[in-house]
Amino acid sequence: MSVAGARDDLDAERAHLAASRKDLARMRRKVESLDSSTAGNWVSAEILDATLAQRLEQLADDPEVPLFFGRIDRVPAAGGESFHIGRRHISDSVGDPMVVDWRAPVSVPFYRASRTEPMGLARRRRYGFSHGELTAFEDESLTETGPQQEHSAILEAEIERPRVGPMRDIVATIQPEQDVLVRADLSRTIVVQGAPGTGKTAVGLHRAAYLLYAHRDQLTRRGVLIIGPNSSFLRYIRDVLPALGEIEAKQATIAELVSVHGTVRAEEPASVATLKGDVRMAEVLHRAVWSHLGEPEEALVVPRGSRRWRVPAYEAREALEGLRSNDLRYAAGRALLPRALAHRVLVQMERSGDSPDDRVQDAVARTKPVKDYAAGLWPDLKPAKVLLRLFTDASWLAEVADGILTEAEQESLLWEKAPRSAGSARWSLADLVLLDEIADLLDRTPSVAHIVADEAQDLSAMMLRALGRRSTTGSLTVLGDLAQATTPWASSSWTEALAHLGKPEGHVEQLTRGFRVPADVIAYAARLLPHIAPDLDPPVAVRRARGDLSFTEAALVSSLQEALERAGSVGLIVPDASLGAARAELTEARIPFAEIGVEADEETEFDAHLDLVPASLAKGLEFDHVVVSDPTAIVAGEPDRATGLRRLYVCLTRAVSSLVVRAELTEGGLPEELGGVPDSVGARVSA
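Residues numbered from 1 in each chain as written. Predicted model: local features only at pLDDT ≥ 70, side-chain atom pairs only at ≥ 80, totals over all residues. Heavy atoms only, no water.

**Q** Give a detailed account of the overall build of the chain, specifying residues and quantitative values.
**A** When helices and strands are counted, the chain shows 28 helices and 23 strands. Along the first, second and third principal axes, the C-alpha atoms of the chain reach 105 × 70 × 45 Å. Looking at the chain residue by residue over its 687 residues, the buried ones come to 52%. Relative to all contacts within the chain whose residues are 6 or more apart in sequence, the contacts with residues 24 or more apart total 74%. Carbon together with sulfur atoms contributes 51% to the accessible area of the chain, which is approximately 30700 Å² in total. Looking at the chain, you have 79 positive and 102 negative side-chain charges, and the mean spots of the two groups are 5 Å apart. (Helix = DSSP H or I, 4+ residues; strand = E, 2+ residues; numbered from the N terminus. Buried < 20%, exposed > 50% of the residue type's maximum accessible area, 1.4 Å probe, protein only. Contact = heavy atoms within 4.5 Å. Areas by Shrake-Rupley, 256 points an atom, 1.4 Å probe, with all protein chains shown as cover. Lys, Arg positive; Asp, Glu negative; His and termini not counted. Charge placed at Lys NZ, Arg CZ, Asp CG, Glu CD.)

**Q** Would you mind going over the sheet that holds strand β5 (residues 121-130) in detail, with residue names and values included?
**A** The strand order across the open sheet built from six strands is β3-β4-β2-β1-β5-β6, with neighbouring strands paired in mixed fashion. Both outer strands of the open sheet, β3 (90-91) and β6 (133-141), are each paired with one neighbouring strand and no more. Relative to strand β4 (residues 97-101), strand β2 (residues 82-86) is paired through two bridges, and the arrangement is parallel. Note that in β4 the partner of G86 across the bridge is D101. (Pairing = 2+ DSSP bridges.)

**Q** How would you summarise the nonpolar core if you had to cite specific residues and measurements?
**A** W102 and L390 are the most contacted members of the largest nonpolar core, which has 165 residues in total. Contact partners of L390, with chain neighbours within four places excluded, come to V284, L285, A288, W396, L397, V400 and L414. Residues L56, L59, L67 and M98 belong to the second largest nonpolar core, which totals 16 residues. (Core = buried A, V, L, I, M, F, W, Y, C linked by side-chain atoms within 4.5 Å.)

**Q** Summarise the sheet that holds strand β7 (residues 190-194); cite the residues concerned and give the values.
**A** Spatial strand order, β9-β8-β12-β13-β7-β14: six strands in an open sheet with parallel pairing. The open sheet terminates on both sides in strands that have one partner only, identified here as β9 (250-253) and β14 (507-511). Adjacent strand axes in the sheet meet at a mean angle of 15° when their direction is disregarded. As defined by bridge partners, β7 adjoins strand β13 (residues 475-480) across four bridges and the pair is classed as parallel. (Axes fitted to C-alpha atoms, helices over the stretch in contact; angles between N-to-C directions.)

**Q** Any chance you could break down a nonpolar patch on the surface for me, citing the residues and the numbers?
**A** On the surface, W42, V43 and I47 cluster together to form a nonpolar patch covering roughly 340 Å² of accessible area. For V43, the location among the structural elements is in helix α2 (residues 42-58). Owing to a relative accessible area of 37%, V43 belongs among the partly exposed residues under this scheme. (Patch = residues over 30% accessible without salt bridge, like charges linked within 9 Å, V, L, I, M, F, W, Y side chains within 5 Å. Salt bridge = Lys/Arg side-chain N within 4 Å of Asp/Glu carboxyl O.)

**Q** Give me the lowdown on the pattern of salt bridges, citing residues and values where you can.
**A** Should their charged atoms come close, side chains of opposite charge can pair. Enumeration according to the criterion identifies 45 salt bridges in this entry. Note that E177 is salt-bridged to R513, the shortest N-O span being 2.9 Å. Separated by 336 residues along the polypeptide, E177 in helix α5 (residues 176-182) and R513 in strand β15 (residues 513-514) bring together distant segments of the chain. Exposure remark for E177: the relative accessible area of 28% places this residue in the partly exposed category.

**Q** A description of the packing of aromatic side chains should follow, citing residues and the corresponding values.
**A** Across all of its chains, the model carries eleven aromatic pairs by this definition. Considering the side-chain rings of F68 and Y127, the 5.1 Å spacing of their centres and the 70° angle between planes classify their relative orientation as edge-to-face. One end of the pair, F68, is in strand β1 (residues 68-74); the other, Y127, is in strand β5, and 59 residues separate them in sequence. The residues F68 and Y127 share a single accessibility class, namely buried. One aromatic cluster is present, formed by F68, Y127 and F129 through successive ring pairs. Between R125 and the ring centre of F137, over which it is positioned, the NZ or CZ distance is 4.0 Å. The side chain of R389 reaches across the aromatic face of W396, ending 3.8 Å from its centre. (Phe/Tyr/Trp six-rings, centres within 6.5 Å; stacked < 30°, edge-to-face > 60°. Lys NZ or Arg CZ within 6 Å of the ring centre and 35° of its normal.)

**Q** Describe the packing of helix α14 (residues 330-351) against helix α16 (residues 368-377), and please don't skip the residues or the numbers.
**A** Contact geometry for α14 and α16: axes closest at 9 Å, N-to-C directions at 130°. Put simply, α14 runs oblique to α16. Of the two possible hands of crossing, α14 and α16 adopt the one that is right-handed. On α16, the residues touching R334, L337, P338 and L341 of α14 are V370, Y373, A374, A375 and L377. Split by residue class, the contact of α14 with α16 holds eight nonpolar, no polar and one charged. (Parallel < 35°, antiparallel > 145°, perpendicular 65-115°, else oblique. Left-handed = near helix turned anticlockwise from the far one by under 90°. Nonpolar A, V, L, I, M, F, W, Y, C, P; charged D, E, K, R; others polar.)

**Q** Got a sec to walk through the packing of α14 against helix α15 (residues 358-365)? Specific residues and values, please.
**A** As a packed pair, α14 and α15 sit with axes 8 Å apart at the nearest point and diverge in direction by 125°. Compared by their axis directions, α14 and α15 come out oblique. Seen along the crossing, α14 lies across α15 with a hand that is right-handed. Residues P338, R339, A342, H343, V345, L346 and M349 of α14 touch α15, and the partners they reach there are V360, Q361, D362, V364 and A365. Split by residue class, the contact of α14 with α15 holds eight nonpolar, two polar and two charged.

**Q** Can you explain unusual backbone geometry? Please cite residues and give values.
**A** The bulk of non-glycine residues show a negative phi, and the bulk of peptide bonds are trans. Positioned with a positive phi, H131 is a non-glycine residue whose angle comes to about 55°. Position of H131 among the secondary structure elements: in the loop between β5 and β6. Phi at E455 is positive, roughly 50°, even though this residue is not glycine. Residue position: E455 is located in the loop between β12 (450-453) and α21 (461-468). Judged by its relative accessible area of 3%, E455 is buried.

**Q** So, helix α22 (residues 494-501): which residues are in play, and what are the values?
**A** Restricting attention to buried positions, one finds in α22 the residues W494, A497, L498, H500 and L501. Here the buried residues of α22 occupy an arc of 160° about the axis, which is enough to place them on one side. The secondary structure elements touched by the buried residues of α22 are β7, α21, β13 and β14. (Arc of directions from axis to C-beta.)

**Q** Lay out the pairing of β6 in plain terms, naming residues and giving numbers.
**A** Bridge count between β5 and β6: eight bridges; the pairing is antiparallel. Across the sheet, residue Y127 finds its bridge partner in β6, namely F137. Once β5 ends, the chain turns through two residues before running back antiparallel as β6, passing H131 with a positive phi of about 55°.

**Q** Could you give an account of the environment of K371, naming the residues involved and the relevant values?
**A** Along the chain, K371 turns up in helix α16. Residue classification places K371 among the partly exposed positions, given a relative accessible area of 46%. If we ignore the near neighbours within four places in the chain, the residues touching K371 are A365 and R366.

And the structure:
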């Protein structure tokens, strides 16, 4: 294309962008003109108002965000049409599409077409934008012979664009293998084992957005749940779905998910928390709940009118065992027992010549003798009281844990001092998860349509069960990296995790192509893989830019200077034990910063140029430039060396452009598993 032709084409695209923006404003004005005055009743009016408010939010226009990022041109045989691909559908005044939603079936070739499989396309076009203004475009022919273009300058620029603020969507840069996962069928549970920088979190969030588009009614009615490892992580990803026009999904941590049972008020040794997260506890709790069923020893006597009806103990036992064999929840069986006993009375009435109906059975079931007799056999239970008794009654714990837990394990579960009541008990997070298990044994937990669980490698078996029972009639997208497992109770394999989730048929997909972490950085961090996850394939960086890896022995503030002079976000990752000292040094040097995980900084974390990050909260976060301070102390800060090395692997792989490792470069300054400073040209050492 000539220079003049390219200029004309760019002007035409800018005109299309301006027209699309006007049409989006027109669509919004049309929604604003609607109201609920025509609704038939107040319930319909409230539903309509909520629907209109949601639609207005979906049609919000941010002039800094491009309305489209690509275009596909079909070959004449496939219709010859052209479609602009964007974050939401925009139509003109007669209903013709100005921009097609990236999730629509017509958009699939934009992400997956190649010269070997053009999918009916003649050309794919990508656009370059700056502050919402269209600045350039790049065409890729899919009909020419020869090797396909390996690199897209616009695609690389978008991936490497400096990032200040929370995580943003990757809708313009989704790769073919990612798109396959994003568009996987709703009925499928999939596990995305993703190395650092492969975009697994983005895949999960975009999958949620796609499913909400493709199955709107079902998912809106039954719900979508996003589970993250901590509140800081959820704040980091908070803007992704709204940017894609989706506001339906709820986000929560595991602690928030089980907070209906109480608040985390206690810490406990890792060994105890690990035991409480062991799947064996599920059987212990099952026995504990059902051990409350009584044994009928006396007959049930029911006065009715001038007669007294007698249900022998053996018949009451049959009624109880019949309900028990139906695999009912505890509370459901308890509710049905009075009717089952009343049925035995009705049978006797019929034998005596009466003709009772269901109303008589209901009346008998509600009589005090029947209700009291049933309550004695099948008592009412509360999760907190059951768990408190388990932790304070050694003989009962020994009874229900016999053959499951060792005597030493039982001893470790017992509380030294019993609280006055279940209401005053100080529960740990592991305890709340156990309370959630008990609650499900009593009453079935409602299921949502889909759950996206990120950093799932760190969940215990009992935590995974808590997610699984919330998706018994739904599916999950499980995201994680076994090499980044940093909890003592972490899963050892995805097959094991899927079993705990109740989805053994789930599919595991491994992503190893890294688009975020620079090649030199990921290669250096990958030196730890033989020690922390020898069975995993090492990640492969596909970016042409190898990044900037350097080492320094300088003081903390000095090690930051070069990163702070660059555009984009800066993350200073320090051992948790050094957090106070780092905070003091930055404050004394008058360097503005926000601290990840501090409530007072929640509004500014990820929006500041510099974030101070404790190593324990680095997982899942990304920064343009990262300084990792004292890697040896990061390793030493964990309960064991394997966990410490995995924590360090997490910290070393948070950089998108540059990584500075701050450590004493003499013996012992770097963990021996890293093999010292690499000899690569890109690795710089400074004093």
